[in-house]
Amino acid sequence: MMETATETHVSAKQDLFEQIEQLKKAMNAVILAHYYQEPDIQDVADFLGDSLQLAQAAQKTDADVIVFAGVHFMAETAKILNPTKQVLLPDLAAGCSLADSAPAPLFAAFKAQHPDAVVISYINCTAEIKALSDIICTSSNAEKIVRSVPADKKIIFAPDKNLGAYLIKKTGREMILWQGSCIVHETFSERKLIWLKTRHPHAKVIAHPECKSPVLAHADFIGSTRALLEYTMKNDATEFIVVTEAGILHEMEKKSPHKKFIAAPPNSESSCNCNECPYMKLNTLEKLYLCMTHRAPELTMPEALRAQAEKSLLRMLELSA
Ligand code: 13P
Ligand code: SF4
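What you see is a predicted model, and the numbers here were worked out from it, not measured in a lab.

Caption draft 1: Quick look at the nonpolar core. Formed by 69 residues in total, the largest nonpolar core has its most connected members in Ile120, Phe157, Ile241, Val243 and Met316. Among the elements that make up this core, the one with the highest residue count is helix H4 (residues 72–81) (six residues). Apart from residues lying up to four places away in sequence, Val243 is in contact with His185, Phe188, Leu193, Val205, Ile206, Ala207, His208, Cys211, Val215 and Ala264. Val10, Val44, Val67 and Ile206 belong to the second largest nonpolar core, which has 34 residues in total.

Structure follows, in structure tokens:
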């Protein structure tokens, strides 16, 4: 007889892949996963994508339950778009340093100093910040969103100062930047990247725009996780140095098994896994299974906040259709 989960733990004898499949059917649930999740979670997901694709998938789904294998702001986004559906997150503590960098009261005071500015917020922010924003963007549509704002308007860009600086360079548009950053992308070292490039002179360097500008200066291609993946599939090169969270290597290797992917090293001299997001990695296959079994933790939010946050999010989705 197959063993089942007790309240808080999973038996080593359980076939979680099989049991998660059964739960999906029984609950009419969909599992949405980000590329930074552990490989087992990516493999069990119904849909794998970058932040924009995940928001679009959440908007379109007809499932009753959305199981979000990602971080808190991503599950919040799914809830904002689906007030009547149940949204589950395997670990509610899966946060984000960018979202944490912009507490709503401080941001509201900052915004009040520039009352005539249009507020563009990167999707990596809380529902409260989305509610204070005019339009949301992700790394895959940020340039388009910035260019959509009339030239005579001031822009506040929050919370990622590195993505903001990259967009200023790309569009030539001045913006007032909130000084947040991603702890993972901040950690990549230019010195170690140069060293890696000398050892792999034929490798293409591909980087996420959350990296600092001295690191981005060495990139052959810059883009969202999805754009980086597509680049590795289409480009003729057989070696790539990947300057983003190391979880994306799983799908890159699956899509191009004959190519070599080298995870860029973090700054630290220790053997830390600093190129892995500690928040993303809080989710495990076991927690995913347990959250479906217990229908908890569930993401909820006050309706007034949800409705206010939805406006800036829908504006982005309309512009990205
Ligand atoms: P994208 O998948 O949209 O590129 O975002 C990367 C990221 O840092 C998510 O937390
Ligand atoms: Fe946030 Fe960075 Fe982790 Fe993405 S990788 S969830 S931006 S801390």
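Caption draft 2: Structural view of the site of ligand 1. Lining the immediate environment of ligand 1, one finds 13 residues, of which His34, Ser51, Ser139, His208 and Thr225 sit closest. A distance of 2.7 Å separates an oxygen atom of ligand 1 from a polar atom in the side chain of His208. Here the residues of the shell around ligand 1 are counted per class, giving four nonpolar, seven polar and two charged.

Caption draft 3: Expanded view of the pairing of strand S7 (residues 155–158). Judged by which residues are buried, S7 turns out to be covered on both faces: Ile155 and Phe157 on one side and Ile156 and Ala158 on the other are all buried. One ladder, built from four bridges, connects strand S5 (residues 118–122) with S7; its direction is parallel. Its bridge partner being in S7, Val119 is matched across the sheet by Ile156. As defined by bridge partners, S7 adjoins strand S8 (residues 176–177) across two bridges and the pair is classed as parallel. Counterpart to Ile156 in the pairing with S8 is Ile176. Handedness of the crossover joining S7 and S8 through helix H9 (residues 161–171): right-handed.

The rules behind each value
Residues numbered from 1 in each chain as written. Chains lettered and ligands numbered in written order. Predicted model: local features only at pLDDT ≥ 70, side-chain atom pairs only at ≥ 80, totals over all residues. Heavy atoms only, no water. Core = buried A, V, L, I, M, F, W, Y, C linked by side-chain atoms within 4.5 Å. Buried < 20%, exposed > 50% of the residue type's maximum accessible area, 1.4 Å probe, protein only. Helix = DSSP H or I, 4+ residues; strand = E, 2+ residues; numbered from the N terminus. Contact = heavy atoms within 4.5 Å. Near = heavy atom within 4 Å. Polar contact = N/O pair within 3.5 Å; in protein donor to acceptor, adjacent residues only side chain to side chain. Nonpolar A, V, L, I, M, F, W, Y, C, P; charged D, E, K, R; others polar. Pairing = 2+ DSSP bridges. Right-handed = clockwise from strand over helix to strand, strands pointing away.

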